[in-house]
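Report on the structure
Below, each chain spelled out in residue letters.
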Amino acid sequence: MGYVVCGACSARIPPTNWNQEFPLPCPMCSREVWVTVFPVALHPPKAGLPEQVVTGQEASCYNHVNNRAVAACDDCGRFLCALCDVDAVGGHVCPACFERRESPALHERVNYDSIALALVTLPMLLCWLPVFTTPAALFFAFKFWNAPALVMPRSKWRLWLTLLIAILQIAVVIWFFAAVVPGSRGGALPKE
Amino acid sequence: MRRLLLPREWSPLRYAELWQDGEELLYIHSSRFSDRYARYRFRDIQAFVLTEFPLWNSWRAWWLGISFFFAVVLLLAPPGWWKLFAIMPGVFLLWALVYLLRGPRCRLVLHTAVSTVTLEAVCTIAQARAVLPELRRLTEAMQGRLAPDGLTVVTLPPAPEAPAPAHNTPLLMHVLFGMLVMHALILAGFYSGNKLDSGLGLSGTLLLAELVMGFLAALRWRSIGPLMTIVSAMVVLFCLADSGVLIYSTVNSLGGFFTAVSQRGAKPEDIEWLWLKEQSVGRAAWHAVAGLVGWVLLMASRGSRP
């Protein structure tokens with residue numbers, strides 16, 4: 001890392017302002033900026049160069065046949081040289097498996113319980129919409145009832161609340177069509 | 001061992017959290033309908049850049065101006081049933097109050113060799129002051145410390161065990177209990193001035209504000225601890241019950257008033273409010289008790305914290 005910039009104006013903060021005990025004004029916009037730089041920024045760890053395979057008995061890298069293998073991928077088991085060895089948390093993985101681990105599905109989660117709760121509550125502002133959105137909310141609630149938590153545990157209170165409100169809405173709709181609508185028709189009939 | 005480094009940065013449409021997960025910093029950013037996770041190893045973090053912003057800027061001044069405009073309208077309003085519309089300035093003023101009490105804003109940027117990320121979990125300077133020393137301690141425990149000359153690396157002794165997570169008492173709790181006591185005093189003032197009907201609109205507004213604040217406080221159950229969570233939930237329940245009483249009495253009173261208007265042309269000052277004295281006294285009593293008990297418990301829990 002050669003430089004750091006102000007979070008407001010993107011001006012470079014001179015190294016003389018780094019690691020001070022108190023924030024110092026930015027040379028461009030004069031806002032107070034507090035820069036804390038750590039040793040890895042100035043002394044990055046050097047990657048080891050791969051060693052060549054000397055004898056036919058030595059294992060070679062899956063991607064580079066002339067390089068000596070130094071580790072095996074924890075996910076796919078392929079031999080890896082120092083170039084291909086990605087130092088992941090808790091072991092070694094090859095670049096392909098690292099890409100797979102870092103796929104969006106693994107660090108992003110859609111909260112279907114929140115979607116179901118929004119579907120069942122927000123349309124109540126427009127009284128006719130729940131007729132369409134309540135089934136969708138129930139679909140989300142049942143389909144993703146046992147969806148596994150990704151990183152942080154998530155309780156089921158939203159799903160329970162969704163079910164409760166959806167049942168109430170269905171009851172109101174049934175009551176409306178069973179009691180109110182026939183009554184209004186009956187009231188409109190001319191008296192004999 | 002996962003440890004929350006800072007109470008959740010909350011807003012109606014998003015939230016963000018910072019966790020220590022072993023040797024990693026876990027950053028969670030949620031838009032309510034989807035969560036995004038990012039992990040940064042402390043040994044890979046190159047720098048933290050904290051930029052401070054003043055409390056005021058142009059659009060925030062406009063926004064506060066609008067809220068104070070509504071407040072002035074409320075204060076100048078003649079007595080009458082339309083004061084019930086005081087809910088709008090109440091919401092604006094609550095928003096402004098929370099904004100002002102949270103203090104000046106900041107932006108905290110994390111640098112690694114391959115990424116530069118703005119940590120939205122840290123929005124105020126108070127939050128930065130709370131979390132930045134801990135982030136520095138954890139990172140320096142993995143890398144050592146860089147002297148101010150920018151060249152010398154100071155090796156630090158092994159980091160001590162992380163302290164047990166202490167329950168935080170956000171400013172929101174103080175504001176909530178202060179508002180309860182203030183509400184009781186305002187009702188007492190209206191009672192002594194024999195103008196209880198004039199205070200109904202303001203009382204409804206404050207009830208709504210207390211309901212929202214109690215709900216927000218209860219949502220922070222992970223950081224405020226079980227005792228304050230129970231107190232907040234009780235405040236929410238009392239607010240709901242009291243609001244029900246207020247709405248019921250208002251609807252009944254205005255119904256009778258409108259009937260009187262249609263029959264003989266009654267005036268707003270002719271409204272005969274249902275249970276006016278009883279509900280005002282009861283409201284003032286529970287507000288005073290809840291506010292004082294909450295404050296006492298808050299102080300007691302602060303004193304017993306390790």
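Residues numbered from 1 in each chain as written. Chains lettered and ligands numbered in written order. Predicted model: local features only at pLDDT ≥ 70, side-chain atom pairs only at ≥ 80, totals over all residues. Heavy atoms only, no water.

A closer look at the overall build of chain A
Per the secondary structure count, chain A includes 6 helices and 9 strands. Per-residue burial for chain A yields a buried fraction of 31% across its 192 residues. At a minimum sequence separation of 6, the contacts of chain A that also span at least 24 residues come to 28%. Taken as a whole, chain A presents about 12400 Å² of accessible surface, with 65% of it coming from carbon and sulfur. (Helix = DSSP H or I, 4+ residues; strand = E, 2+ residues; numbered from the N terminus. Buried < 20%, exposed > 50% of the residue type's maximum accessible area, 1.4 Å probe, protein only. Contact = heavy atoms within 4.5 Å. Areas by Shrake-Rupley, 256 points an atom, 1.4 Å probe, with all protein chains shown as cover.)

Quick notes on the overall build of chain B
Looking only at helices and strands, chain B has 7 helices and 10 strands in total. Burial status across chain B gives 46% buried among its 306 residues. Just so you have it, chain B exposes about 15800 Å², and 69% of that area is on carbon and sulfur atoms.

Things to note about the pairing of strand S5 (residues 34-41) of chain B
Of the strand pairs in this sheet, strand S9 (residues 108-110) of chain A and S5 of chain B are connected by 3 bridges, and their pairing is antiparallel. Considered in S5 of chain B, the bridge of valine 110 of chain A is made with serine 34 of chain B. Bridge count for strand S4 (residues 24-30) of chain B against S5 of chain B is 7 bridges, and the pairing is antiparallel. Looking at the pairing, leucine 26 of chain B lines up with arginine 39 of chain B of S5 of chain B. The antiparallel pairing of S4 of chain B with S5 of chain B creates a hairpin that spans 3 residues between the two strands, and arginine 32 of chain B there sits at a positive phi of about 75 degrees. (Pairing = 2+ DSSP bridges.)

A closer look at the confidence of the model for chain B
Chain-level pLDDT for chain B is 80 on average; 83% of the residues reach the 70-or-more range. What the predictor reports for the complex is a pTM of 0.63 with an ipTM of 0.71. (pLDDT = per-residue confidence, 0-100.)

Examining the packing of aromatic side chains
Enumeration according to the criterion identifies 9 aromatic pairs over all chains in this entry. Their ring planes at 85 degrees and their centres at 5.5 Å tell us that phenylalanine 176 of chain A and phenylalanine 177 of chain A sit as a pair that is edge-to-face. Its relative accessible area of 38% is what places phenylalanine 176 of chain A among the partly exposed residues. Look at tyrosine 248 of chain B and tryptophan 275 of chain B: their rings are 5.5 Å apart centre to centre, the planes differ by 25 degrees, and that puts the pair in the stacked class. Here tyrosine 248 of chain B is found in helix H6 (residues 221-264), whereas its partner tryptophan 275 of chain B is found in the loop between H6 and helix H7 (276-303), with 27 residues between them in sequence. Among the residues examined, tyrosine 248 of chain B registers a relative accessible area of 46% and is labelled partly exposed. An aromatic cluster of three or more residues is present, and its members are Tyr112, Phe139, Phe140 and Phe144 of chain A. For the cation-ring pair, arginine 78 of chain A lies above tyrosine 62 of chain A, with the distance from its terminal atom to the ring centre recorded as 4.2 Å. (Phe/Tyr/Trp six-rings, centres within 6.5 Å; stacked < 30°, edge-to-face > 60°. Lys NZ or Arg CZ within 6 Å of the ring centre and 35° of its normal.)

Quick look at the nonpolar core
Residue and element names in this part refer to chain B. Core analysis: the biggest nonpolar cluster contains 33 residues, and Met173, Phe177, Met213 and Met228 have the highest contact counts within it. If you tally residues by element for this core, the top one is H6, at 10 residues. Judged by nonpolar contacts, the second largest core, of 27 residues, contains Leu50, Val117, Ala128 and Leu138. (Core = buried A, V, L, I, M, F, W, Y, C linked by side-chain atoms within 4.5 Å.)

Focus: helix H5 (residues 130-143) of chain A
Residues and elements named next belong to chain A. Over its 14 residues, H5 runs 19 Å from end to end, which matches the ideal 20 Å to within 8%, given 1.5 Å per residue. Within H5, the full set of buried residues consists of Pro130, Thr133, Thr134, Ala137, Leu138, Phe140 and Ala141. End-on view of H5: buried residues confined to an arc of 165 degrees, all on one side of the axis. Exposed side of H5, more than 90 degrees from the buried face: Phe132, Phe142 and Lys143 are the residues found there. (Expected span 1.5 Å × (residues − 1). Arc of directions from axis to C-beta.)

Quick notes on the pattern of salt bridges
In total, this model carries 12 salt bridges over all chains according to the counting rule given. In this structure, glutamate 120 of chain B engages arginine 14 of chain B in a salt bridge whose closest nitrogen and oxygen atoms are separated by 3.5 Å. In this pair, glutamate 120 of chain B sits in the loop between strand S8 (116-118) and helix H3 (125-143) while arginine 14 of chain B sits in strand S3 (residues 14-21), placing the two residues 106 residues apart along the sequence. On the basis of relative accessible area, glutamate 120 of chain B is assigned to the partly exposed category, the value being 29%. Residue classification places arginine 14 of chain B among the partly exposed residues on the basis of a relative accessible area of 23%. Residues participating in the shared-partner salt-bridge network are Asp113, Arg154 and Arg158 of chain A. (Salt bridge = Lys/Arg side-chain N within 4 Å of Asp/Glu carboxyl O.)

Quick notes on the interface of chain B and chain A
Counting residues at the interface gives 42 residues for chain B, matched by 38 residues for chain A. When the two sides are added together, the surface that chain B and chain A hide from each other amounts to roughly 3500 Å², 56% of it contributed by carbon and sulfur. Seen at the junction of chain B and chain A, the total is 2 salt bridges. Summed over the shared surface of chain B and chain A, the number is 14 residue pairs in polar contact (both at pLDDT 80 or more). Among the secondary structure elements, those contributing two or more residues to the side of chain B that touches chain A are S3, S4, S5, strand S6 (47-52), strand S7 (106-111), H3 and strand S9 (145-146) of chain B. The residue inventory of the side of chain B that touches chain A, partitioned by class, reads 18 nonpolar, 9 polar and 15 charged. (Buried area = accessible area lost by both parts, 1.4 Å probe. Polar contact = N/O pair within 3.5 Å; in protein donor to acceptor, adjacent residues only side chain to side chain. Nonpolar A, V, L, I, M, F, W, Y, C, P; charged D, E, K, R; others polar.)

Section: unusual backbone geometry
Residues and elements named next belong to chain A. A positive phi is found at serine 10, a non-glycine position, where the angle reads about 65 degrees. As for its placement among the helices and strands, serine 10 is situated in the loop between strand S1 (4-5) and strand S2 (12-13). Classification of serine 10 as exposed rests on a relative accessible area of 53%. Its identity as a non-glycine residue notwithstanding, asparagine 19 has a phi of 50 degrees, on the positive side. When its relative accessible area of 8% is taken as the criterion, asparagine 19 is described as buried.

Some details on the state of the cysteines
Here a disulfide denotes a covalent bond joining the sulfur atom of one cysteine to the sulfur atom of another. Residue and element names in this part refer to chain A. Taken as a whole, this structure holds 0 disulfides over all chains when the rule is applied. Cysteine 9 supplies the cysteine sulfur nearest to cysteine 29, a cysteine that is in no disulfide, at a spacing of 3.6 Å. Overall, cysteine 29 belongs to the partly exposed group, its relative accessible area being 25%. (Disulfide = S-S within 2.5 Å.)

With respect to the packing of helix H4 (residues 112-121) of chain A against H5 of chain A
Relative orientation and spacing of two packed helices are given, respectively, by the angle between their axes and the distance between those axes. All names here are of chain A. Where H4 contacts H5, the axes come no closer than 8 Å and their chain directions differ by 160 degrees. As far as their axial angle goes, H5 and H4 are roughly antiparallel. Taken as a pair, H4 and H5 cross one another with a handedness that is left-handed. Every residue of H5 that contacts H4 at Tyr112, Ile115, Ala116, Leu119 and Val120 is listed here: Thr133, Ala136, Ala137, Phe140 and Ala141. For the contact of H4 with H5, the residue count by class is 9 nonpolar, 1 polar and no charged. (Axes fitted to C-alpha atoms, helices over the stretch in contact; angles between N-to-C directions. Parallel < 35°, antiparallel > 145°, perpendicular 65-115°, else oblique. Left-handed = near helix turned anticlockwise from the far one by under 90°.)

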